[in-house]
Amino acid sequence: MASLIHTLRRHTDEVSCCAFSPSLLATGSVDKTLRVYSTADFTELPFSPLSGHGYGVHRCCFSPCGGYLFSCSTDGSIRVWSSETGELLSTLEHPARSPLRVCALAPDSCLLVAGASDGTVALWDFPSKTLRRCAAVSEASVVACSFSPCSRAFVTGCTHGDLKLWDDRVGLLRAQKDVHDLGVACCTFAPQFKVEDCCVEFRLASCGQDSLLKIWIVSQRGGSAWIMTCLHTLTGQTAPVLSCAFSADGELVVSGSMDKSITIYDANLGTLLHTLKEHDRYVTAVALSPASGLMATGSLDRSVNVWRIGDGCGETVAGSERAPCHGRKLPGHSRLLLADWTEEDVQSWLREEGLDELVEIFRANNIDGPEMNQMSKETVAELGIESVGLCGRLLRKIEALKAEQSGSEAPDEFLCPITRELMKDPVIAADGYSYERESIESWIRGKTKTSPMTNLPLQTTLLTPNRSLKMAITRWKSSQ
């Protein structure tokens, strides 16, 4: 299910964090630097390492679009970098210059929050880089925080062991005391939320010094108070659990521990799927790619291991970018660009097109979308396909597929159902459909709160960014 594919050993001190964008991997360290790698071949980018923090880097994260990289440090600052050039774009400082232990950007990229050692959180409006509020939220250090997928709430965890849910004005919505004995180490929301019978429901993972990983249901029915209910308590590790992360589809949750192990669980069932042990010291960081079946783990041994998660349960991770909420369609039935297809996509397409006899050949040669996109008579011959008729049929079907995908008319799923225009900022509404944000917000403000598609009442006006659709539209536009 999980295989180690690469080990990075460029940091000169302990690795404290790692994060993925769709195409990059960033790692941070006590050595005060960030290092940035391409996920295509794990080569370090020319502008890496990024330096400028006065003390060690505690946390790093990318913006949903992948264009910005954020890092926070004991020096009391958040630095915002261009992930394309490595340029330092801005520096945001905690008002009291308290050491920052954690930072997180809202999924809609509007708000940026940081937790500090003095028990405060600082909340910035990211587009304008202005400080909205700095407020005391705990008597202990704030070491964990995460935004809900709707961007309207965030949770904090502290070294006293409490989890607290806040609105986007730092108003307390729910306090859950003594969640982890001896302190929370990390917390993270799953990327999706669920709406049923006027109830909004999020999934949250937390881990701590008690060697436990917990999965919570965070919910609100109508306008009533928020509730946090523990769904699973996972005991697969024997020492403090320092980090946790959900897969992009919310199906898996992974954690890293002081027992040097990484565990992979089914997030819905709470069952242990795999335990990995390749680090020599504490595992301090785990991250899952939003665009492929990759996982990165960082350790006090100064290394970052990159894993491929697949075969069975890991398949949901590999497919998460394409269908984060509604399950994945077979490639022949979707409008995904050929260059984005995985090996599994190619093999499914071969079966759909009646080319079953080629599936094993393509699997043995690891042919994915980019490889098939470049296929010619010469490369087909190199694969050992001797039948002239079969070779010709394959090449004709590939050319027909490429011609279909190169059409100038935008796929229907890229168009807002309200305006029928290409979406720039797609969001998912409570009815399960994706709309242009401005259009659906205007619809909700100006009409009865019903679905434009079903005419049924919207059970909530919460909107969640459809990042995978936005990336697919961007790729389609670049191909035209």
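Residues numbered from 1 in each chain as written. Predicted model: local features only at pLDDT ≥ 70, side-chain atom pairs only at ≥ 80, totals over all residues. Heavy atoms only, no water.

Visitor: Which residues make up the sheet that holds strand E18 (residues 184–196), and what values go with them?
Guide: The strand order E18-E19-E20-E21 describes an open sheet built from 4 strands, whose pairing is antiparallel. For this open sheet the edge positions go to E18 and strand E21 (227–234), each flanked by a neighbour on one side alone. Going from strand to strand, the sheet's axes swing by 20° on average, the running direction of each strand aside. Sheet topology note: the strand E20 (residues 213–221)/E21 ladder contains 7 bridges and is antiparallel. (Pairing = 2+ DSSP bridges. Helix = DSSP H or I, 4+ residues; strand = E, 2+ residues; numbered from the N terminus. Axes fitted to C-alpha atoms, helices over the stretch in contact; angles between N-to-C directions.)

Visitor: Would you mind going over the pairing of strand E19 (residues 199–208) in detail, with residue names and values included?
Guide: Burial within E19 is extensive, with 9 of its 10 residues counted as buried. For E19 and E20, the ladder comprises 9 bridges, and the chain directions are antiparallel. What sits directly across from Ser206, in E20, is Lys214. In sequence, E19 turns back onto E20 through a hairpin of 4 residues, with Ser211 there showing a positive phi of about 70°. (Buried < 20%, exposed > 50% of the residue type's maximum accessible area, 1.4 Å probe, protein only.)

Visitor: Go over the sheet that holds strand E3 (residues 24–29) with me, naming the residues and quoting the values.
Guide: Paired through backbone hydrogen bonds, the strands of a sheet run either parallel or antiparallel to each other. Across the sheet, which stays open at both edges, the 4 strands sit in the order E2-E3-E4-E5 with antiparallel pairing between neighbours. Both outer strands of the open sheet, strand E2 (15–20) and strand E5 (50–51), are each paired with one neighbouring strand and no more. Note that E2 and E3 share 5 bridges and pair antiparallel. The residue of E3 that forms the bridge with Cys17 is Gly28.

Visitor: I'd like a rundown of the pattern of salt bridges, residues and numbers included.
Guide: Counting across every chain of the model gives 13 salt bridges. Asp167 is the salt-bridge partner of Arg169, the closest N and O atoms lying 3.4 Å from each other. Put simply, Arg10, Arg35 and Glu44 are held in one network by salt bridges that share partners. (Salt bridge = Lys/Arg side-chain N within 4 Å of Asp/Glu carboxyl O.)

Visitor: Account for the confidence of the model for the protein chain, naming residues and giving values.
Guide: For the protein chain, the average pLDDT comes to 87, and 91% of its residues sit at 70 or higher. Every residue in residues 311–335 is under pLDDT 50, and counting partners more than four places away or in other chains gives 61 contacts. (pLDDT = per-residue confidence, 0-100. Contact = heavy atoms within 4.5 Å.)

Visitor: I'd like to hear about the nonpolar core, residue by residue, with values.
Guide: Residues Leu350, Phe362, Met372, Met375 and Leu394 are the most contacted members of the largest nonpolar core, which totals 21 residues. Elements with a contribution of two residues or more to this core: helix H2 (343–352), helix H3 (359–364) and helix H6 (388–405). Per-element tally for this core: the top contributor is H6, with 6 residues. The contacts of Met372, once residues within four sequence positions are left out, are Leu338, Trp341, Val346, Trp349, Phe362, Ile367, Ile398 and Leu401. Counting residues in each nonpolar core, the second largest holds 20 residues, with Ala153, Val184, Phe189 and Val200 among its members. (Core = buried A, V, L, I, M, F, W, Y, C linked by side-chain atoms within 4.5 Å.)

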